Amino acid sequence: MAVGTVDEPVEIFKARSDKREYRRIVLQNNLEVLLISDPETDKCAASMDVPVGYYSDPKGLEGLAHFLEHMLFYASEKYPVENSYSKYITQHGGSTNAYTSSEHTNFYFDINADCFEEALDRFAQFFVKPLMSPDATTREIKAVDSENQNNLLSDGHRMYQLQKHLSSKDHPYHKFGTGNWDTLEVQPKARGLDTREELLKFYKENYSANLMHLVVYAKDCLDKAQTLVQSIFQEVPNTNRSYSPVTDQPCKSEHLQILVRAVPIKQGHRLRLVWPVIPDVLYYKEGPSIYLSHLIGHEGEGSLFYILKKLGWATSLSAGESSGGHHFSFFEVYINLTDAGHDHFEDVVALLFKYIDLLRQAGACKWIYDELSAMSETNFHYQDKISPIHYVVYVASNMQFYPPIDWLVGSSLPSRFNPGIIEAVLNELTPQNVRIFWVSTKFDGNTDSTEPWYGTAYSLEKITSSAIEQWVEKAPDGNLHLPVPNMFIPTDLSIKTVSNKMNFPVLLRKSPYSRLWYKPDTLFSMPKGHCIIDFTCPQSRSSPEAAVLTSIFVWLLKDYLNEYAYNAELAGLNYWISAHCSGFEELFSKQYQNVKFQQPYEQALYYCSLILREHSWSWEDELGVLPNLEVDDLVKFYPLLLSRTFLECYTAGNIDSKEAVSMIQHVEDAFYKGAQPLSRALYASEHLSSRIIKLEESMNYFYAAECLNTSDENSALVHYIPVHRDEYVKNVKLQLFVLIAKQPAFDQLRSVEQLGYITSLSRTSDAGVRGLQLIVQSSVKDPRYIELRFQAFLKTLEAQLHDTSDDEFKRKVNALIDIKLEKFKNLSEETNFFWWEISGGTLRFDRIENEVAGLKQITKTDLIDFFNEYVNVGAPKRKSLSLQVFGSSHSCQLKAEKVDPVEPNVVQIEDIFCFRRSRPLYPSFKGDISHLKAHDAEHQ
């Protein structure tokens with residue numbers, strides 16, 4: 001091993017399309033590092049992976065590893081000002097976060113490239129000498145408790161903990177990893193323990209340089225990046241700790257062959273079958289679980305899902321490995337059941353085992369493996385370049401599991417066909433090893449046990465393999481069979497030559513039926529393309545019935561296409577059909593019903609949207625029409641839906657202009673031509689626009705409601721301040737304000753005042769109207785109190801803006817300029833940017849250049865004037881809308897809110913729709929663009 005040098009270079013396998021350079025080094029303190037040099041990047045990033053997670057929590061201190069992750073963000077000996085690290089990152093265009101898993105804790109950040117050196121030094125202090133003050137300790141225990149409060153009504157958290165609960169009590173898999181006030185404060189104190197002392201001890205015992213893995217993504221060359229990393233991270237202490245992954249199995253015989261009936265929060269029926277299996281990481285080149293998940297999760301003709309869907313028993317199915325640790329893992333099959341599927345539970349389980357038996361009889365098929373390997377190779381070598389922050393996290397988490405040559409690959413390239421290993425894993429998927437978790441609200445009131453951490457009601461029974469075998473004998477045959485060869489696997493990955501290096505989309509073609517915008521790939525040289533066709537259908541939102549029928553039609557259309565299109569999606573030909581206010585959407589009846597189980601802040605956002613948007617129907621209205629709809633209603637409706645349409649189209653990427661025109665012409669011919677066309681062009685009066693209501697200046701509106709889930713103790717506030725219609729100079733003033741204010745708001749409201757774990761201040765854009773939005777979800781304070789604290793924060797912020805030096809203000813302006821000039825990393829990012837302009841009707845393709853020009857002219861006085869005119873409490877042009885959702889712990893405050901007299905300039909909204917109808921609307925940007933002329937892309 002080369003320590004602190006690269007005398008022994010290590011090969012690191014990378015994608016053919018990857019132009020970045022890589023180097024592995026080991027510092028003198030035995031910290032292993034991967035350096036990445038990308039001269040084209042605008043953001044730099046780093047991730048440190050520490051191989052300690054909640055499996056290592058001391059008994060009686062559940063959540064200590066997670067709590068430590070929180071605490072390292074506060075301060076360090078070198079940078080003692082609390083939260084100065086997060087403030088520095090945020091105000092220089094970056095973001096930062098961390099997560100704690102079973103055996104790992106990962107810390108990461110990104111930032112504008114010119115600020116990377118100082119940011120990296122601040123980040124390194126997490127691992128050099130952090131300060132964990134007693135005051136911060138108490139506050140952050142409350143933050144961990146608030147995080148846990150948010151998770152208590154999450155079915156994902158509840159069912160995962162139930163799986164762990166029903167495992168060996170002596171195994172770390174059994175543990176509760178999040179922690180709460182009881183585990184980190186009450187219980188330790190009762191035993192005479194000081195949580196902070198335990199925290200410091202835990203840190204010292206587990207955070208050793210020789211165990212850590214660091215990834216640094218730099219703009220500089222590798223030599224310069226190496227010098228920087230060595231100077232900063234060699235100070236991380238090395239106590240020569242050894243890493244001991246968990247090797248025991250969490251499930252003994254008494255934990256297998258079980259059937260668990262559990263009660264969820266949300267409506268619906270779900271089935272999860274789980275088997276302990278050999279971890280794929282031990283055989284990542286062979287990829288046995290990848291092979292099996294490809295087949296068991298297949299959706300083409302003859303697949304398990306295909307049969308279950310034909311029988312009307314399932315709406316979705318997924319299969320794959322759920323990693324538990326280095327030396328144990330699980331293979332899971334997850335099925336969303338219909339009501340009929342719930343009633344045929346035994347048949348559903350039996351058909352799964354029939355399909356597994358089919359795979360066992362067929363043996364491992366080399367042609368299927370070769371297809372999977374070919375698709376994996378194409379996906380790897382032509383993968384989109386992702387953001388540096390996500391990339392470093394991915395690679396750092398790989399470094400613990402794989403040799404350096406495969407750090408970038410991980411298990412994504414199965415390439416070594418080994419029938420014996422595949423069949424060894426397949427042979428573990430038996431009735432003797434299975435754990436069945438059957439989740440349904442129908443079990444409510446019929447259970448006899450409760451999981452202690454989340455309070456999930458469940459019952460457990462042993463189920464014999466002979467019982468499952470009897471189910472298999474009685475189950476329908478279904479004509480299960482292996483998939484046919486995939487004809488969509490690409491063979492021609494050549495790049496088309498583009499003679500015209502256009503920077504912006506052009507209107508390539510227009511007709512009474514459609515507009516086609518076109519932008520060839522001039523940046524990425526990837527064999528990929530995008531084609532978006534936006535169907536404007538006036539009938540889709542004419543009534544709640546129309547909205548629901550449109551949703552059902554689209555769901556059925558996707559379901560119909562799935563049999564054919566699934567292989568195409570596997571091969572990288574992805575497609576989607578979705579809806580917006582004037583088109584298609586997929587919804588289920590139970591999804592309507594489950595609105596009431598959304599988190600309170602999500603309910604507040606729903607009310608905000610319902611109040612603001614001109615043509616939006618409430619979920620109660622849409623749910624109300626469902627019971628009265630018949631098949632005949634859909635049969636009559638969908639021809640009407642498609643009878644009048646207009647197509648807004650965008651093609652981009654490795655597609656030439658003639659191909660683009662040909663595609664749209666083909667769609668036009670199918671819809672508008674022939675003896676009996678499906679559709680006709682829209683009249684001018686039928687074109688739709690999305691508009692939101694206009695609030696009155698100097699007025700504060702609020703809507704208060706009880707949380708729809710009466711069991712949820714959390715309350716939420718969404719405070720929305722609309723500022724202006726899309727306009728370059730005001731846009732950048734708002735963006736600059738948020739860049740400056742969001743971290744202080746988070747620090748004050750979340751870290752100092754501990755109002756709620758979910759706290760954010762951000763910009764919004766709705767139908768071309770730009771605004772400011774605060775979101776806080778809290779179990780300790782009611783929404784009205786939170787709003788008063790936000791007002792107090794704004795008042796203190798005014799002084800901070802005045803106290804900002806000219807140099808500091810200039811640095812923040814430059815940070816925002818760097819953010820705006822950040823290049824698109826892939827075709828999807830570019831497409832999303834230009835499609836946003838097209839679909840919104842703004843068509844400001846040169847927005848970045850104009851907003852940067854506006855930023856360069858802004859002074860500190862301009863920003864303060866903007867703040868005092870539109871945002872500050874009492875500002876003359878300020879208008880606000882507060883959505884207040886009261887949880888069960890604050891129901892008394894809701895009653896008081898309704899009784900207390902309303903203050904001057906404050907309007908309480910009692911009836912959403914009456915209020916909405918009473919307000920004027922902002923103009924739409926989707927105006928008349930008939931003056932636009934189509935361009936000749938070949939000769940422009």
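The rules behind each value
Residues numbered from 1 in each chain as written. Predicted model: local features only at pLDDT ≥ 70, side-chain atom pairs only at ≥ 80, totals over all residues. Heavy atoms only, no water. Helix = DSSP H or I, 4+ residues; strand = E, 2+ residues; numbered from the N terminus. Buried < 20%, exposed > 50% of the residue type's maximum accessible area, 1.4 Å probe, protein only. Contact = heavy atoms within 4.5 Å. Areas by Shrake-Rupley, 256 points an atom, 1.4 Å probe, with all protein chains shown as cover. Lys, Arg positive; Asp, Glu negative; His and termini not counted. Charge placed at Lys NZ, Arg CZ, Asp CG, Glu CD. Bend = angle between axes of the 7 residues up to and from the residue. Salt bridge = Lys/Arg side-chain N within 4 Å of Asp/Glu carboxyl O. Pairing = 2+ DSSP bridges. Axes fitted to C-alpha atoms, helices over the stretch in contact; angles between N-to-C directions. Phe/Tyr/Trp six-rings, centres within 6.5 Å; stacked < 30°, edge-to-face > 60°. Lys NZ or Arg CZ within 6 Å of the ring centre and 35° of its normal. Core = buried A, V, L, I, M, F, W, Y, C linked by side-chain atoms within 4.5 Å. Polar contact = N/O pair within 3.5 Å; in protein donor to acceptor, adjacent residues only side chain to side chain. Parallel < 35°, antiparallel > 145°, perpendicular 65-115°, else oblique. Nonpolar A, V, L, I, M, F, W, Y, C, P; charged D, E, K, R; others polar. pLDDT = per-residue confidence, 0-100.

A.B. asks: I'd love a proper account of the overall build of the protein, names of residues and values included.
C.D. replies: Along the protein, the regular secondary structure elements total 30 helices and 25 strands. The principal-axis extents of the C-alpha atoms in the protein amount to approximately 75 × 70 × 65 Å. Burial statistics for the protein: of 940 residues in total, 56% are counted as buried. Contacts in the protein between residues far apart in sequence, at least 24 positions, make up 82% of those at least 6 positions apart. For the protein, the accessible surface area stands at approximately 39,500 Å², while carbon and sulfur atoms represent 51% of it. For the protein, the separation between the mean place of its 93 positive charges and that of its 122 negative charges on side chains is 4 Å.

A.B. asks: Describe in detail helix H17 (residues 544-570), supporting the description with residues and values.
C.D. replies: In an α-helix, one turn spans 3.6 residues, which is why side chains three or four residues apart end up on the same side. Along H17, the largest kink reaches about 65 degrees and is centred on Glu-563. Looking one or two places after H17, you find Gly-572, whose phi comes out positive at around 100 degrees.

A.B. asks: I'd like to hear about the pattern of salt bridges, residue by residue, with values.
C.D. replies: One pass over the full model with this rule turns up 44 salt bridges. Two residues, Asp-406 and Lys-285, come together in a salt bridge whose shortest N-O distance is 3.4 Å. Highlighted residues: Asp-406 in the loop between helix H14 (388-399) and helix H15 (419-426) and Lys-285 in the loop between strand S10 (269-277) and helix H9 (288-296), separated in sequence by 121 residues.

A.B. asks: Can you lay out the sheet that holds strand S6 (residues 105-112) for me, pointing to particular residues and giving the numbers?
C.D. replies: Taken in spatial order, the 6 strands of this open sheet run S1-S2-S8-S3-S6-S5, and their pairing is mixed. Pairing within the sheet leaves two strands with one partner each, and these edge strands are strand S1 (21-26) and strand S5 (95-100). Pairwise comparison of adjacent strand axes, ignoring direction, gives a mean angle of 10 degrees for this sheet. Across 6 bridges, the pairing between strand S2 (residues 32-37) and strand S8 (residues 213-218) is parallel. Counted as the bridge partner of Ile-36 is Tyr-217 from S8.

A.B. asks: Tell me about the packing of aromatic side chains, and name the residues and values.
C.D. replies: The tally for this structure, following the rule as stated, stands at 48 aromatic pairs. A ring pair is formed by Phe-107 and Phe-126, whose centres lie 5.8 Å apart and whose planes are at 90 degrees; its orientation type is edge-to-face. In this pair, Phe-107 is assigned in strand S6 and Phe-126 in helix H3 (residues 116-128), connecting sequence segments 19 residues apart. The exposure class assigned to Phe-126 is buried, which follows from its relative accessible area of 3%. The rings of Phe-73, Tyr-85, Phe-107, Phe-109, Phe-116, Phe-123, Phe-126, Phe-127, Tyr-203 and Tyr-207 are connected pair by pair, giving a single aromatic cluster. Positioned over the ring face of Tyr-391 is Arg-20, at 4.3 Å from the centre of the ring. Directly above the ring of Tyr-728 sits Arg-844, whose terminal nitrogen or CZ lies 5.4 Å from the centroid.

A.B. asks: So what's going on with helix H5 (residues 155-165)? Which residues, and what values?
C.D. replies: Buried residues dominate H5, accounting for 8 of its 11 residues. Within the span of H5, buried status applies to Asp-155, Arg-158, Met-159, Gln-161, Leu-162, Gln-163, Lys-164 and His-165. Where H5 is buried, its residues touch strand S9 (258-262), S10, strand S12 (329-337), strand S13 (435-440) and strand S15 (457-462).

A.B. asks: Any details on unusual backbone geometry? Residues and values, ideally.
C.D. replies: Notably, Asn-240 is not glycine yet its phi reads approximately 55 degrees, a positive angle. Examined against the element boundaries, Asn-240 turns out to sit in the loop between helix H8 (222-233) and S9. Since its relative accessible area comes to 56%, Asn-240 is described here as exposed.

A.B. asks: Outline the pairing of strand S21 (residues 715-725), listing residues and values.
C.D. replies: Within S21, 10 of the 11 residues are buried, which leaves it mostly tucked inside the rest of the structure. Sheet analysis places S21 next to strand S23 (residues 769-778), joined by 10 bridges and oriented antiparallel. Residue pairing for S23: His-724 is matched across the bridge by Arg-770. The pairing of S21 with strand S24 (residues 880-886) spans 5 bridges and is antiparallel. Within the sheet, the bridge partner assigned to Val-718 lies in S24 and is Leu-883.

A.B. asks: Can you lay out the sheet that holds S24 for me, pointing to particular residues and giving the numbers?
C.D. replies: Reading across from one edge, S22-S23-S21-S24-S20-S25 is the order of the 6 strands in this open sheet, with mixed pairing throughout. Two strands in the sheet have a free side with no partner beyond their single neighbour: strand S22 (758-766) and strand S25 (906-908). For this sheet the average axis-to-axis angle between neighbouring strands, irrespective of direction, equals 20 degrees. Its contacts with the sheet put helix H24 (residues 783-803) on S21, S22, S23 and S24, and the angle it makes with S21 is roughly 45 degrees.

A.B. asks: An account of the environment of Thr-430 is needed here, citing residue identities and associated values.
C.D. replies: Secondary-structure assignment places Thr-430 in the loop between H15 and S13. For the pair Thr-430 and Ser-711, spaced 281 residues apart in sequence, the C-alpha to C-alpha distance is 39 Å.

A.B. asks: Could you give me a rundown of the nonpolar core, with the residues and numbers involved?
C.D. replies: Residues Phe-107, Phe-109, Leu-120, Phe-123, Phe-127, Tyr-207 and Phe-233 are the most contacted members of the largest nonpolar core, which totals 56 residues. Ranked by residue count, the leading element in this core is H3, at 8 residues. Listed in part, the 52 residues of the second largest apolar core include Val-277, Leu-292, Ile-307 and Val-349.

A.B. asks: Can you break down the side chain of Asp-726 residue by residue, with the values?
C.D. replies: Within the secondary structure, Asp-726 sits in the loop between S21 and helix H23 (728-752). A distance of 2.6 Å separates polar atoms of two side chains, one belonging to Asp-726 and the other to Asn-731.

A.B. asks: Describe in detail the packing of H23 against helix H28 (residues 860-871), supporting the description with residues and values.
C.D. replies: A packed helix pair is summarised by two numbers, namely the angle formed by the two axes and the spacing between the axes. For the pair H23 and H28, the least separation of the axes is 10 Å and the interaxial angle reads 90 degrees. It follows that H23 is roughly perpendicular to H28 by the angle criterion. Across the interface between the two elements, Lys-730, Lys-733, Leu-734, Leu-736, Phe-737 and Ile-740 of H23 pack against Asp-862, Leu-863, Phe-866, Phe-867, Tyr-870 and Val-871 of H28. The residue inventory of the contact of H23 with H28, partitioned by class, reads 9 nonpolar, no polar and 3 charged.

A.B. asks: Explain the pairing of S10 to me, and be specific about the residues and the numbers.
C.D. replies: Counting buried positions along S10 yields 8 of 9 residues, so the element is predominantly enclosed. Taken together, the 6 bridges between S10 and S13 define a ladder with antiparallel strand orientation. When the bridges of S13 are listed, Arg-270 appears paired with Val-439.

A.B. asks: Explain the side chain of Thr-842 to me, and be specific about the residues and the numbers.
C.D. replies: For Thr-842, the location among the structural elements is in the loop between helix H26 (827-840) and helix H27 (847-855). Among the polar contacts listed, one links the side chain of Thr-842 to the side chain of Glu-837, at a separation of 2.5 Å. Look past the residues within four positions of Thr-842 in its chain and what remains in contact with it is Asp-726, Trp-836, Glu-837, Arg-847 and Phe-925.

A.B. asks: Lay out the packing of H9 against helix H13 (residues 366-381) with the relevant residues and their values.
C.D. replies: Where H9 meets H13, the closest approach of the two axes is 11 Å, and the angle between their N-to-C directions is 100 degrees. As far as their axial angle goes, H13 and H9 are roughly perpendicular. Only Ile-368, Tyr-369, Leu-372 and Met-375 of H13 make contact with H9, whose side of the interface consists of Ile-290, Tyr-291, His-294 and Leu-295. For the contact of H9 with H13, the residue count by class is 7 nonpolar, 1 polar and no charged.

A.B. asks: Explain the environment of Ile-532 to me, and be specific about the residues and the numbers.
C.D. replies: With respect to the helices and strands, Ile-532 occurs in strand S18 (residues 529-536). The exposure class assigned to Ile-532 is buried, which follows from its relative accessible area of 13%. Expressed as a C-alpha distance, the spacing of Ile-532 and Ala-767, which sit 235 residues apart in the sequence, is 20 Å. Ignoring anything within four residues of it in the chain, the contact list for Ile-532 reads Glu-648, Cys-649, Tyr-650, Thr-831 and Trp-835.

A.B. asks: Talk me through the environment of Gln-470; I want residue IDs and the actual numbers.
C.D. replies: Mapping Gln-470 onto the fold places it in helix H16 (residues 465-474). Under the relative-accessibility criterion, Gln-470 is labelled partly exposed at 48%. Separated by 362 residues in sequence, Gln-470 and Asn-832 have C-alpha atoms that sit 53 Å apart.

A.B. asks: Got a sec to walk through the confidence of the model for the protein? Specific residues and values, please.
C.D. replies: When the pLDDT values of the protein are averaged, the result is 93; 96% of them are 70 or greater. In this model, residues 1-7 is a region of pLDDT below 50 whose contacts with residues beyond four sequence positions or in other chains number 22 contacts. Within the model, pLDDT remains below 50 along residues 581-585, and this stretch shows 27 contacts once partners closer than five positions in the same chain are excluded.

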